[in-house]
Structures are given as C-alpha cells and as structure tokens.
Amino acid sequence: MEILILVVTLVFELAIAVYSIVTKQSRSKIKSWTRIAMFIVFMILSVGKVVVWEYTWGLFAGLLFILAFKEMVALLRNQTHHTPRYKVFSPIWKFLLLAPTVVVTLVPVLLFPQHRLPQVTGPYPVATATYSYADKNRIEEFTDQKDNRFVNVEFWYPEQADGTYPLLVFSHGAFGIKTSNTSTFTELASHGYVVVSIDHPYHSFYTVSEDGKVVTINPMYMQEVNNANKGVYSLGEFFELTQKWMKLRTDDMDFVMDTILEQAEQKKDSVYKRIDTQKIGVFGHSMGGAASIALSRERDDIDAVVNIDAPFFSELVYDKVTNELKAKSEAYTIPLLNVYSDDVWIQLDSSSSYIANRISNENFKGAYTVHFKGAKHLSLTDLPLFSPILANLLQQGRKADIDKYYAIETQNELILRFFDYALKNQGQFAPKATY
C-alpha cells in the first residue's frame, strides 16, 4: 500500500506538470481540483481503514493538506485576480522539488509499513505494565556520575484472570530493545504466563525510564560488538569481552528476578500477585539467549530455558597454550530449547564461538534443537514485521527466504509448547528438527 500511494502521488504530480507545460498555464482548475481530490481520497482511505492510520503517515498527510489548502486559496484568488504569466521552466522545477519532498514524507511509512499482528491464540486478554528498578548494590559502569545501575522492564500478563502463573524472563539481543519479541510475549501471556522483558541500559538501542529519562546504546560497547563480529580481536581478547558482556547481562537478570520474586511474596501489585514463584523460565534472543544459558547455571530456581540464535558464551573456556576456545565439560540438566536461523546453523560445526552449541556436545544431549531453514538472525524477532527494510539493512542486505509470519508465529508456538511442557507439565514436546 505504501509503495502504491508513493507511485500514484508521483504520477499525479508528473501529470500536473506535463499538463501545465502542454497548456502553458501556471494555474488551472484541473490542477487545483486534482490536489484537493488527492487529499480527500487519502482521508477517505484512512477513515475506511484501507490505510491504517499511524503517526508515521503524519508528514505525508500534512503535505497533502498543505497542497490542497494552497489550491483552495488559488481557486478563490482566481475569481478576483488575473492568472499570472506562464513561465516555461516553472512546472519542471516545481515537480523536481515536490517529488523528493513526497518521497521524504513517506520515508516513515516505508520504513515502518502497515502490517498485521501475529495471531494470538490464548484465552486470556493481555495487559502490560512498565517499571524501573534501581540496583542499590551496583554503580553504573557506563557513566562517571556514580549513580546506581537501573534497569527498565515491561510485563505482559493475563488480565482479569484468577490464580498464579509461571514467570518468564526475557533478555534482548546485542543492540535490541525489550519489545523486540512482543508477539512472543503476548502469545505466552494469553496462555497464562507472566512475561517480563528487560532493557539492559547501554546495551539496548534505547530505553526509557518511568521518569522519562532516555538512555541510548553506549558507542564503545557497540564498537566492541561490531569489531568482534569482524574478527578484529585476538581469541583471548574476544573471550574476555564475551565474559564481560555476560556478567553485565546476568547481573541485570539476577537483580530483576530477585526484585520480582520479592514483590511477588508481598502480593501488593496486580502484576506481582499473579506470579507463581515456583515456576520460572528464562529466554532471550542472540546475546540475550547466551545470558539466559549463563544465568541458568548460576541460579537453582530456573526450571526451563529457551535460547534463540545465541552462542553458549558461558560454556566456553579459553586455552592460552593452544589459543583455542573449548567447551566446558559440565552436564546441563535444565530443559532447554535451542532455536536457530541459517546464520547460526551453518556455524554449529565450526571451531568458532559456537563450539559449545554443537549438537554432538554430550553435555547438552537432552536439549531440543530446531532450525528455521531460510531464516536470518532477525527473522526470530518481530523486526521484519514492523520494518522489513531495517531488518534487511541490519543483516547487510541479506533477505530471509522464509515467510516472516510463518517464522515468528511458528517460533511462538514452539516456545509456548515447550514452556507448557517444562513448566506446566502439559502435553508432550517433540518438535521437528527443521521448519
């Protein structure tokens, strides 16, 4: 729809320019009524919900209104004033100026086109809540202010439902945000889970506190991740970086879980009183998945883990003598579901940072592993739904070969079935190896 509106608008403006050149008229009623009609038609499409109105349409709607208003004024002026003298190049330069303006006003909707939300299949309506937690035991390492570290979280939970429900804690990817997998959280909450997603300040692309404070990603951290992906660091340096990243992530998750469990015991808030503190799962995408694996080694109250496209950083050891990364030899006994895209799947048999993820790793012989063939790293988030262009750009122009709705909705179903099996003892869980 967005591309169609762009093309139609440019065609009409080009037709207006050609008409002006052919008739040698700088003003005409046809031109005026065409622009007025364009604005009226756009409003009719919006009211009829053919165009789903969102703030991203604001610039384009504003431009159409200005053009229509200008032409209405011109029609009124034509009744009392003479038509100005025609200038040969006037229609040309006006079109050359207006065409890029139209494109610019449509950039927001081209980046974030209208889309349908993934299907929600559970019986419970879902409510949300946001909180900011301050960790009095940690000083923020990314600033010089000596302030306590704070963490922003958002809950998705069953609204108007009785009883208590398992707690699921999510950690986003390297440059992600806490809403990166909103469709997953909503689906889980609709089936009777309390899901909390964490924004890791300075690791997240941006985060907003309850008091309105905005914190964006730390440039040094971003450079570290980018350099690591490019192979800039030595193996020893890379290992040290991954352990530093894991420490910050697991400290955040640990603090959030302790805070929630403490609040849940008091049962004062509508969110916290819905939590079953005896049934806890953790999951995450990319670096968040790695942190989930790491945290599950540190806490004995985690009952199930989902790793979405992440290396097992916490399962690696660095051998200085041989300059190699090796997998730890400790058995992993917590129910685990691994979900992989092509980007990670092709690395599982290499000697890279995914060496501990190998399906042949006996320490993880009880884990479930599925591969979404044709999926890219971000196919396992909601981003391709909201912004296909951004998703492709962040994946260096590599477009996924899997349907974006099939990927996320199937993943959501798998994660739901896994947690139902591992935390609620409901049904069986026997996923296919490839989807």
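Nothing here was measured: the structure is a model prediction, and the numbers come from that model.

### What about the overall build of the chain?
Helix and strand counts for the chain stand at twelve helices and twelve strands. Looking at the chain residue by residue over its 435 residues, the buried ones come to 51%. Long-range contacts, defined here as pairs at least 24 residues apart, represent 74% of the contacts in the chain between residues at least 6 apart. If you sum the accessible surface of the chain, you get close to 21,600 Å²; carbon and sulfur atoms cover 58% of it.

### Some points on a nonpolar patch on the surface
Nonpolar side chains collect at one region of the surface, where Ile21, Phe89, Ile92, Trp93, Leu96 and Leu97 lie side by side and expose about 650 Å² of accessible area between them. With respect to the helices and strands, the residue tryptophan 93 is situated in helix H4 (residues 90–111).

### Regarding helix H2 (residues 29–47)
The terminal C-alpha atoms of H2, which comprises 19 residues, lie 27 Å apart, in line with the 27 Å expected from a rise of 1.5 Å per residue. Of all the residues in H2, the buried ones are Lys31, Ser32, Thr34, Arg35, Ile36, Met38, Phe39, Phe42 and Ser46. Where H2 ends, the next residue or the one after it, lysine 49, has phi of about 60°, a positive value.

### Observations concerning unusual backbone geometry
You will see that serine 286, though not glycine, has its phi angle at about 55°, which is positive. Along the chain, serine 286 turns up in the loop between strand S7 (275–285) and helix H8 (287–298). For serine 286, a relative accessible area of 16% puts it in the buried group.

### Details of the sheet that holds strand S12 (residues 368–371)
Pairing within the open sheet is mixed, and its eight strands lie in the order S1-S2-S4-S3-S7-S8-S11-S12. Either end of the sheet is taken by a strand with one partner, and the two such strands are strand S1 (126–139) and S12. This sheet shows a mean twist of 20° between the axes of neighbouring strands, independent of strand direction. Bridging between strand S3 (residues 165–171) and strand S4 (residues 194–199) involves five bridges; their strand directions are parallel.

### So, the side chain of threonine 34
Positionally, threonine 34 belongs in helix H2. At 2.6 Å, the side chain of threonine 34 and the backbone oxygen of isoleucine 30 are in polar contact.

### Re the pairing of S3
Taking burial as the measure, the seven residues of S3 include seven buried ones, the bulk of the element. Examined bridge by bridge, S3 and S7 share seven bridges and lie parallel to one another. Each residue of the ladder has a partner; that of leucine 168, found in S7, is glycine 281. On the question of chirality, the crossover connecting S3 to the parallel S4 by way of helix H5 (residues 182–190) is right-handed.

### Observations regarding the packing of helix H6 (residues 219–230) against helix H7 (residues 235–266)
Two elements in contact, H6 and H7, have axes separated by 11 Å at closest approach and are oriented at 135°. It follows that H6 is oblique to H7 by the angle criterion. With respect to the hand of their crossing, H6 and H7 are arranged in left-handed fashion. Judged by residue contacts, Tyr221, Glu224, Val225 and Ala228 of H6 engage Phe238, Leu241, Lys244, Trp245 and Arg249 from H7. Along the lines of polarity and charge, the residues of the contact of H6 with H7 split into six nonpolar, no polar and three charged.

### Examining the nonpolar core
Among the nonpolar cores identified, the biggest contains 60 residues, and Tyr133, Val153, Phe155, Leu167 and Ile260 are the most heavily contacted of them. Looking at this core, the element that brings in the most residues is H7, giving twelve residues. Apart from the residues lying within four places of it in its own chain, the contact partners of tyrosine 133 are Arg149, Phe150, Val151, Val153, Phe155, Phe255, Val256, Thr259, Ile260 and Tyr272.

### Quick look at the UniProt feature "transmembrane region" (unreviewed entry) in the chain
When the UniProt feature table is mapped onto this chain, "transmembrane region" (unreviewed entry) is found at residues 6–22, 34–51, 57–76 and 88–111. Measuring from the first to the last C-alpha atom of residues 6–22 gives 24 Å, for a span that is 100% helix and 0% strand. Between the first and last C-alpha atoms of residues 57–76 the distance is 29 Å; the span itself is 95% helix and 0% strand.

### Some words on the domain arrangement of the chain
What the domain assignment reports for the chain is domain 1 (1–111) and domain 2 (126–424). Computed over C-alpha atoms, the centres of domain 1 and domain 2 are 47 Å apart.

### Regarding the pattern of salt bridges
If you walk through the whole model with that rule in mind, you get 18 salt bridges. Lysine 326 is the partner of aspartate 319 in a salt bridge, and the nearest nitrogen-oxygen pair spans 3.2 Å. For lysine 326, a relative accessible area of 35% puts it in the partly exposed group. One salt bridge in this structure joins aspartate 343 and arginine 398, with 2.9 Å as the shortest N-O distance. Linking aspartate 343 in helix H9 (residues 342–345) with arginine 398 in the loop between helix H11 (388–394) and helix H12 (404–423), this pair joins segments that are 55 residues apart in sequence. On the basis of relative accessibility, which here comes to 34%, the residue arginine 398 falls in the partly exposed class. Among the charged side chains, a network of salt bridges with common partners joins Asp135, Arg138, Glu140, Arg149 and Asp252.

### Some thoughts on the packing of aromatic side chains
Evaluation of the coordinates by the stated rule reveals 32 aromatic pairs. A ring pair is formed by tyrosine 131 and phenylalanine 155, whose centres lie 5.7 Å apart and whose planes are at 85°; its orientation type is edge-to-face. Of this pair, tyrosine 131 sits in strand S1 while phenylalanine 155 sits in strand S2 (residues 148–158), and the two are 24 residues apart along the sequence. When the centroid spacing of 6.3 Å and the interplanar angle of 90° are considered together, the rings of tyrosine 133 and phenylalanine 255 count as edge-to-face. Taken as a pair, tyrosine 133 in strand S1 and phenylalanine 255 in helix H7 lie far apart in primary sequence, 122 residues in all. For tyrosine 133, a relative accessible area of 8% puts it in the buried group. A cation over an aromatic ring shows up here: arginine 116 above the ring of tyrosine 405, its NZ or CZ 3.8 Å from the ring centre. Taking the ring centre of tyrosine 193 as reference, the NZ or CZ of lysine 424 above it sits at 4.0 Å.

Conventions adopted
Residues numbered from 1 in each chain as written. Predicted model: local features only at pLDDT ≥ 70, side-chain atom pairs only at ≥ 80, totals over all residues. Heavy atoms only, no water. Helix = DSSP H or I, 4+ residues; strand = E, 2+ residues; numbered from the N terminus. Buried < 20%, exposed > 50% of the residue type's maximum accessible area, 1.4 Å probe, protein only. Contact = heavy atoms within 4.5 Å. Areas by Shrake-Rupley, 256 points an atom, 1.4 Å probe, with all protein chains shown as cover. Patch = residues over 30% accessible without salt bridge, like charges linked within 9 Å, V, L, I, M, F, W, Y side chains within 5 Å. Salt bridge = Lys/Arg side-chain N within 4 Å of Asp/Glu carboxyl O. Expected span 1.5 Å × (residues − 1). Pairing = 2+ DSSP bridges. Axes fitted to C-alpha atoms, helices over the stretch in contact; angles between N-to-C directions. Polar contact = N/O pair within 3.5 Å; in protein donor to acceptor, adjacent residues only side chain to side chain. Right-handed = clockwise from strand over helix to strand, strands pointing away. Parallel < 35°, antiparallel > 145°, perpendicular 65-115°, else oblique. Left-handed = near helix turned anticlockwise from the far one by under 90°. Nonpolar A, V, L, I, M, F, W, Y, C, P; charged D, E, K, R; others polar. Core = buried A, V, L, I, M, F, W, Y, C linked by side-chain atoms within 4.5 Å. UniProt positions renumbered as here; feature names shortened; annotations may be inferred. Domains from an automatic or database assignment. Phe/Tyr/Trp six-rings, centres within 6.5 Å; stacked < 30°, edge-to-face > 60°. Lys NZ or Arg CZ within 6 Å of the ring centre and 35° of its normal.

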